[in-house]
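Geometric and topological summary
These are the residues of each chain, in order.
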Amino acid sequence: MRTHGPGRFLGELGLLEGQPSFVTAVVAEPGEVVLLTAHQLNELVRTDPDLGDLVLRTYLTRRAVLIGRGGGLQIVGSCFSPDTKRLLEFAARNRIPHRLEDKFGNLRAWAGPGLPDPYPKVPARRREDLLRRAARLTYPVREKDRLISLVKPHHEVLGVVVLVDPAKSARDQEVFTLEYGTTVLALELAHQRNLAEMELRLHRELLDDLVAGTDNASAYARADALGHDLRGTHHVLVVQWGADRTDAALSDALLHAMVELEWRALCTRRSGVMVVLVSGHPDGEALFRSVANRLGTDTGVVAIGGSCETPDGLPRSFTEAVRTLRIRQASGTPRGVASFSQLGLYRILDAGESRAEVTSFVRQWLGALIDYDDARDADMVRTLSHFLECGGSYDRTASALTIHRSTLRYRLSRMREISGFDLGDVETRLNVHVAARAWHVLRGQPLEGR
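Everything numeric here is computed off the predicted structure, so don't read it as measured data. (Residues numbered from 1 in each chain as written. Predicted model: local features only at pLDDT ≥ 70, side-chain atom pairs only at ≥ 80, totals over all residues. Heavy atoms only, no water.)

**Some words on the pairing of strand β8 (residues 265-270)**
Strand residues, when the strand is regular, have side chains that alternate between the two faces of the sheet. Spelled out, the test is: For two strands to count as paired, DSSP must find a minimum of two bridges between them. By the criteria applied, helices consist of DSSP H or I runs no shorter than four residues and strands consist of E runs no shorter than two, each listed in order from the N terminus.
Pairing of β8 with strand β9 (residues 273-279), which is carried by six bridges, proceeds in the antiparallel orientation. Looking across to β9, one finds that T268 is bridged to V275. The hairpin formed by β8 and β9 contains two residues between the paired strands, and S271 there has a positive phi angle of roughly 55°.

**Things to note about the pattern of salt bridges**
Rules: By salt bridge we mean one thing: a side-chain nitrogen of Lys or Arg within 4 Å of a carboxyl oxygen of Asp or Glu. Here the term buried applies to any residue with accessible area under 20% of the maximum for its type, exposed to any over 50%, and partly exposed to those in between, with areas from a 1.4 Å probe on protein chains only.
The final tally for this structure, using the stated rule, is 12 salt bridges. One salt bridge connects E320 with R316, and the closest N-O pair in it is separated by 3.2 Å. Taken together, the positions of E320 and R316, both in helix α10 (residues 314-329) and four residues apart, correspond to about one turn of that helix. E320 gets classed as buried once you look at its relative accessible area, which sits at 11%. Among the salt bridges present, the one from R414 reaches E417, with a minimum N-O distance of 2.6 Å. Note that R414 and E417 are positioned in helix α15 (residues 405-419) at a spacing of three residues, about one turn of the helix. Judged by its relative accessible area of 55%, E417 falls in the exposed class.

**A closer look at the nonpolar core**
Selection criterion: The set of buried Ala, Val, Leu, Ile, Met, Phe, Trp, Tyr and Cys residues whose side-chain atoms join them within 4.5 Å is what this entry labels a nonpolar core. Contacts were defined at the residue level, with two residues in contact if any of their heavy atoms lie within 4.5 Å.
Membership of the largest hydrophobic core comes to 22 residues, with the highest contact counts inside it found for V362, L366, L369, L384 and V432. The leading source of residues in this core is helix α12 (residues 355-376), at seven residues. Among residues more than four places away in sequence, those in contact with V432 are W365, L366, L384, L388, F421 and L423.

**Some points on helix α14 (residues 394-401)**
We apply this condition: Throughout, the arc means that of the directions going from the helix axis to the C-beta atoms.
Listed as buried for α14 are T397, A398 and L401. The buried residues of α14 all sit within an arc of 95° when viewed along its axis, so they share a single face. Just downstream of α14, T402 is the residue with a positive phi angle, here 55°.

**Quick look at a nonpolar patch on the surface**
Defined as follows: What makes a patch is a set of residues exposed beyond 30% relative accessible area and free of salt bridges, joined within 9 Å when like-charged and within 5 Å when nonpolar (Val, Leu, Ile, Met, Phe, Trp, Tyr). Only the protein chains shown count as cover for residues, with accessible areas throughout obtained via the Shrake-Rupley method and a probe of 1.4 Å.
Together, F176, Y180 and V184 make up a nonpolar patch on the protein surface, roughly 340 Å² of accessible area in all. The topology assignment puts F176 in helix α6 (residues 172-212).

**Focus on unusual backbone geometry**
Although it is not a glycine, E262 sits at a positive phi angle of roughly 60°. As for its placement among the helices and strands, E262 is situated in the loop between α8 (247-261) and β8. Residue classification places E262 among the exposed positions, given a relative accessible area of 70%.

**Some remarks on the packing of aromatic side chains**
Test applied: Centres within 6.5 Å make a pair out of two Phe, Tyr or Trp rings, where for Trp the six-membered ring is used; the pair is then stacked when the planes are under 30 degrees apart, edge-to-face when over 60, and tilted otherwise. Lysine NZ or arginine CZ positioned within 6 Å of the ring centre and within 35 degrees of the ring normal marks a charge as sitting over the ring.
Under the criterion given, the structure shown has two aromatic pairs. Seen in terms of ring centroids, F387 and Y394 are 5.6 Å apart; in terms of plane orientation they differ by 70°. Their pairing is edge-to-face. Look at Y394 and you get partly exposed, because its relative accessible area is 25%. Positioned above the aromatic ring of Y220 is the side chain of R231, whose terminal nitrogen or guanidinium carbon lies 4.6 Å from the ring centre. Taking the ring centre of Y394 as reference, the NZ or CZ of R409 above it sits at 4.2 Å.

**Considerations on helix α5 (residues 124-136)**
Basically, it comes down to this: The length a helix should cover is 1.5 Å for every residue beyond the first.
Taking 1.5 Å as the rise per residue, α5 with 13 residues should run 18 Å; its terminal C-alpha atoms sit 19 Å apart, in good agreement. All buried positions along α5 are accounted for by R127, L130 and A134. For α5, the angular spread of buried residues about the axis comes to 60°, placing them on one side. More than 90 degrees from the buried face of α5, the exposed residues found are R125 and R136.

**Details of the environment of T397**
Relative to the assigned elements, T397 resides in helix α14. The exposure class of T397 is buried, given its relative accessible area of 0%. Sequence-wise, T397 and L408 are 11 residues apart; in three dimensions their C-alpha atoms are separated by 8.0 Å. If near-sequence neighbours (up to four positions away) are discounted, T397 is found in contact with T383, H386, F387, C390 and L408.

**Digging into the environment of I304**
The topology assignment puts I304 in strand β10 (residues 301-304). Put simply, I304 and V239 are 65 residues apart on the chain and 8.9 Å apart in space, counted from C-alpha to C-alpha. Apart from residues no more than four positions distant in its own chain, I304 is found in contact with H235, V236, L237, P282, G284, A321, T324, V337, A338, S339 and F340.

**Looking at the packing of α14 against α15**
To be explicit about the condition: A fitted line through C-alpha atoms represents every axis, and for helices the fit uses only the stretch in contact; the resulting angles, taken between N-to-C directions, go from 0 to 180 degrees. Convention used here: angles under 35 degrees read as roughly parallel, angles over 145 as roughly antiparallel, angles from 65 to 115 as roughly perpendicular, and any remaining angle as oblique.
One way to put it is that α14 packs onto α15 with a least axis distance of 9 Å and a crossing angle of 100°. As far as their axial angle goes, α15 and α14 are roughly perpendicular. Packed against α14, whose contacting residues are Y394, D395, T397, A398 and L401, the element α15 presents R405, L408, R409, R411 and L412 at the interface.

Structure follows, in structure tokens:
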């Protein structure tokens, strides 16, 4: 708040730039005021250099003070939203004093000097109470130095418009302007949301058709219409998280991660997993870290299918990604990132078309032990698997199984009697080891010791 006496001039930089004023004035004592229109003021500045320089320097100083005190425009929105970014760019380009808060009240951007440290963030419970109170009213609600109006078409809150009024001098005209702006913004946001939902649905339908299989010509045409370039190398990724995370939470985390990583990607849900189509060579580790951080848990898997150069190869990449996901989830480390190109032996063990041969191979080498375990509720195959995965170490195997070394030695001795094979033979040991891993893959159980 400032008091201006005789010989002073009022106004702010917005008058010269065609912007609405961010300050108001009240007459405290009788006097005479000379009123200039914006056009007259611009003419005066242009024709009288000395006076123009004084006015301009004063207005710039007032704008800096206004910004430093947190006045002007307050932008509330997600820092991932393209609309928020456009508003920030517009405010910065036009030197409009502004600040950006996300929906939780965290400061995301501040224009100019005077940044409060620490920034006065409204406590979460009070903020929620304030929003609930504002939602029940049909007019703006005051909270200290702010007048708050909710953008809520069809009773759904899409945003918040805030008039920063430290002097509490807002009158009927300012309140009407706030309400009118909220109404216009509600219509625009509702329209933009409908367009975004339609675009998202079209993207999902396109990706569903691509992984199911479609011809290259129609795939290119539909992708071009949606602004996605299908030409060049692409990979299909499938993502699945622990049961404690909802599909909506995972989808939201994935979308934010793709924005953060600046990926040109399509995303949909199919067969119980999230499916992502990304161009180039994706950094699966970066995607996993971003999603895990947002969900607050790393109990998920990001599986990457093989690369393909044309759309007709995407069904294969999707199938490979799903196989990779299943194998990783059946391993001893059922989380993190896995790539089909790095599966090695497990690509053979999990091959659906040769499953009968793999089953026959397992029965050939482990059949006697499997039958023994089934008949006596024993644990011979699991013990053998641990022993082989631990490199034949008695101490590591006993520790992993939580048994005594003498118990382990007894079990290994019984295995030789039941199966008749000698683990000291290199070829026998290799075949038994492969059979043990295949046994886990067939049963969909963790690969012990991995």
